[in-house]
Every structure is written in structure tokens, then in C-alpha cells.
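Read off the chains here:
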Amino acid sequence: THQMACQGLQGGETVASLKRESESLRKKLEEERKKLSDIELNQVAEKIEVLGPLSIKTRRVLKGHGNKVLCMDWCKDKRRLVSSSQDGKVIVWDAFTLNKEHGVALPCTWVMACAYAPSGCAVACGGLDNKCSVFPLSLDKNENLSAKKKSVAMHTNYVSGCTFTSSDMQILTSSGDGTCALWDVESGQLLQSFHGHTADVLSLDLAPSETGNTFVSGGCDKKANIWDMRSGQNIQSFESHESDINCVKYYPSGDAFASASDDATCRFYDLRADREVAVYQKDSVIFGASTVDFSLSGRLLFAGYNDYTINVWDVLKGTRASILFGHENRVSRVRVSPDGTALCSASWDNTLRVSWAAYL
């Protein structure tokens with residue numbers, strides 16, 4: 001095979017010479033990118049008013065998981081949410097009343113991913129079983145949901161993330177096998193696969209616009225990639241973190257995204273400028289960031305860390321606006337509700353916390 005691989009090389013070319021050439025092209029590209037980037041985001045934001053303190057009005061704690069809560073997602077109805085845990089349970093909650101509306105015990109532990117369907121009538125989940133399964137939610141609280149479980153996605157390693165596209169009919173997954181994939185929920189058919197990461201993919205997020213047809217993924221190769229869902233092509237790639245990217249999340253406009261990394265920083269990338277425009281870090285923040293989400297306005301970035309805190313960053317100024325305490329173990333997921341009024345955090349302390357704030 002080595003001989004065959006080398007037959008494709010032109011006269012005088014070696015693998016080493018091609019590597020050197022690709023490295024010098026990469027450096028040139030970086031230089032060109034830097035020429036475009038003569039100004040940082042915080043310089044543009046100098047004249048913008050400083051944010052007042054974040055006033056959290058109500059806090060609720062959701063207790064019911066017997067082990068680490070690994071993921072959660074809001075329903076479009078702005079009040080229900082789904083969570084999944086290392087205990088193999090998936091629970092649907094009413095965030096206002098704290099009622100558990102549904103509970104499913106899966107045969108496998110470490111349910112690392114869960115998502116609410118856009119209609120609110122189904123949830124998806126997956127993890128160490130290498131699958132993503134969908135359950136319809138019925139009005140009958142006593143119905144055995146696991147009997148109606150449908151396996152949709154099959155990866156060759158754990159499922160790290162899942163999200164429905166604009167309808168209940170398709171689901172997008174990311175996996176420890178280094179790929180992302182788009183599946184048809186009804187037939188379980190693979191519609192498109194996305195190859196480009198060189199290690200586990202840990203997170204994905206769908207572009208917010210209906211027409212966007214793009215998504216972002218991040219993983220253990222320290223890269224964040226933007227994909228075209230229709231063609232399967234990797235259309236942009238960003239590599240500035242020094243360690244695994246644990247989470248990626250689009251800015252509300254869809255023109256930018258943020259990432260959270262084990263290198264203890266969160267970063268902000270402008271897609272039109274094709275570059276990183278802000279780094280959120282402090283000398284005192286030394287633990288990895290596991291999860292990020294934006295406020296509805298996009299002014300705040302909520303970031304959960306392995307030191308049990310949630311740091312709230314001023315996206316434009318690059319400074320820390322607030323810090324939220326309460327969890328007793330690492331924060332695995334933060335998600336702002338669809339109407340922007342509540343923040344939910346999931347943690348390895350077996351709980352979820354929901355905070356309603358004066359402004360998010």
C-alpha cells in the first residue's frame with residue numbers, strides 16, 4: 001500500500017516535501033488572516049456601557065438522578081426540559097413545578113447526550129451504547145416509554161452529542177469515532193456523514209437560522225469545524241485552543257460561535273472574518289471549561305467549569321461580568337431557555353439548577 005500511495009506523487013515529491021509545503025501554506029494562510037484582523041473585539045466595544053450585576057431572582061434545584069447529570073436540553077415550550085445521566089436515566093421535567101413528567105431507564109449507563117424534538121413530542125438520547133435512540137412522549141404518564149424506544153443512529157464509538165434539525169424527522173449526532181452524522185429518524189438511514197476531525201468529536205451545534213444548513217463541531221483534536229449539512233463538506237476550520245474542545249455553541253445571529261476547552265479558556269470566532277476575535281480567560285480561572293451558551297441578546301456567555309462554577313463573560317468586552325456558585329461538582333452543561341428568561345445547569349453533583357434572571 002505504501003508503494004501505491006507513493007505512485008500518486010509527482011517527480012521529485014516526497015511525503016516529507018508535501019508536509020513542508022502544506023505547513024508553509026498553512027503559515028501563509030495564518031499571515032493573511034492576521035492582515036485582515038487589525039482590531040480585536042474588546043477594542044471595538046470600548047465605548048459600550050458596562051453591564052450591571054446579574055440579578056438572579058429565583059433558583060430551583062431538580063433532584064432525581066442517582067448519578068452525574070451529563071446533559072440537558074430545553075423544550076421549545078420554554079418550561080419543560082430533558083436530562084440524562086450516568087445512572088442510565090433520562091428524565092423529562094417541568095422546570096416551573098419541578099415535577100418529573102417522564103422517566104426512562106436505559107439499559108446502558110453514561111447517557112452523554114439528550115435532546116428535545118422541536119415539536120416537544122419526543123426526546124433523543126445516546127451515549128456509551130454507540131447509538132442515538134428516540135422516544136415518543138405520550139400524555140399518559142404511566143406508559144412504558146422504553147418499549148417505544150427506536151434506535152436511529154449507529155456509530156462505532158460513543159455518542160457525545162445529538163440534536164434534531166429543524167424538524168422531528170432528522171437527527172444530527174457527534175461521536176467518539178471522530179465523525180458527525182445526519183440520520184433519518186423514521187428509517188434510521190444514514191443521510192450524510194461528516195469526516196474531518198482526527199480524534200473524538202465531543203460537541204456539535206446547529207446554526208440558528210432555518211436556512212443556514214450548517215453546523216459546528218469541536219473535539220479532542222483541538223479543532224472547531226463548520227460543516228455544510230447538505231454536501232458533507234468541512235467549509236471552515238479553527239484551531240487556536242491548546243487542549244480538547246468540550247463544547248461549541250453558535251452566537252444567536254449565526255455569524256459567530258463560542259468554544260469551551262480543557263485549556264481553561266473560552267473563545268469567540270467570527271465566521272465572516274474567518275478568525276478568533278476574543279478569548280475569555282483570567283489568571284484565577286485554571287480549570288477546564290466544559291460547556292457554553294449565550295444569552296438571548298448574545299451579550300453574555302455562560303460558561304460552566306470543572307471547578308463547579310459558572311463564569312458569566314461579557315462577550316464584547318471580554319471581561320467577567322459575574323460568577324455563579326451552587327453546584328458541588330463539575331458543571332457538565334449550561335443552557336439558556338428558548339425565551340432567554342432562565343438558565344439551566346446540569347452537574348456531576350447529580351442535580352440540575354434552574355435560575356430565572358432579571359435579564360439574560
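Calculation notes
Residues numbered from 1 in each chain as written. Predicted model: local features only at pLDDT ≥ 70, side-chain atom pairs only at ≥ 80, totals over all residues. Heavy atoms only, no water. UniProt positions renumbered as here; feature names shortened; annotations may be inferred. Buried < 20%, exposed > 50% of the residue type's maximum accessible area, 1.4 Å probe, protein only. Helix = DSSP H or I, 4+ residues; strand = E, 2+ residues; numbered from the N terminus. Pairing = 2+ DSSP bridges. Axes fitted to C-alpha atoms, helices over the stretch in contact; angles between N-to-C directions.

- Per an unreviewed UniProt entry, the chain goes by the name Guanine nucleotide binding protein (G protein), beta 5b and belongs to Sander lucioperca.
- What UniProt records for the chain under Sequence similarities (unreviewed entry) is the sentence "Belongs to the WD repeat G protein beta family."

Section: the pairing of strand 7 (residues 122-126)
Link 1 in the chain: Counting buried positions over the 5 residues of strand 7 gives 5, a clear majority of the element.
Link 2 in the chain: Residues of strand 7 alternate between two faces, with A122, A124 and G126 on one and V123 and C125 on the opposite face, all of them buried.
Link 3 in the chain: Where strand 6 (residues 113-116) lies against strand 7, 4 bridges are found, and the strand directions are antiparallel. When the sheet's bridge partners are listed, Y116 is paired in strand 7 with V123.
Link 4 in the chain: Connecting strand 6 to the next strand, strand 7, in antiparallel fashion are 5 residues, including G120 with a positive phi near 80°.
Link 5 in the chain: Relative to strand 8 (residues 131-136), strand 7 runs antiparallel, the two sharing 5 bridges. Residue A122 lies in a different strand from strand 8, and its bridge partner there is P136.
Link 6 in the chain: Counting the residues in the hairpin turn of strand 7 and strand 8 gives 4 residues, including N130, whose phi is positive at 65°.

Side note on the sheet that holds strand 19 (residues 256-261)
Link 1 in the chain: One open sheet holds the 4 strands; their spatial order is 18-19-20-21, and the pairing between them is antiparallel. Strands at the two margins of the open sheet, each flanked by one partner only, are strand 18 (245-250) and strand 21 (275-280). Sheet twist, expressed as the mean angle between neighbouring strand axes with direction ignored, is 25°.
Link 2 in the chain: Sheet analysis places strand 20 (residues 266-270) next to strand 21, joined by 5 bridges and oriented antiparallel. Its bridge partner lying in strand 21, R267 is registered against V279.

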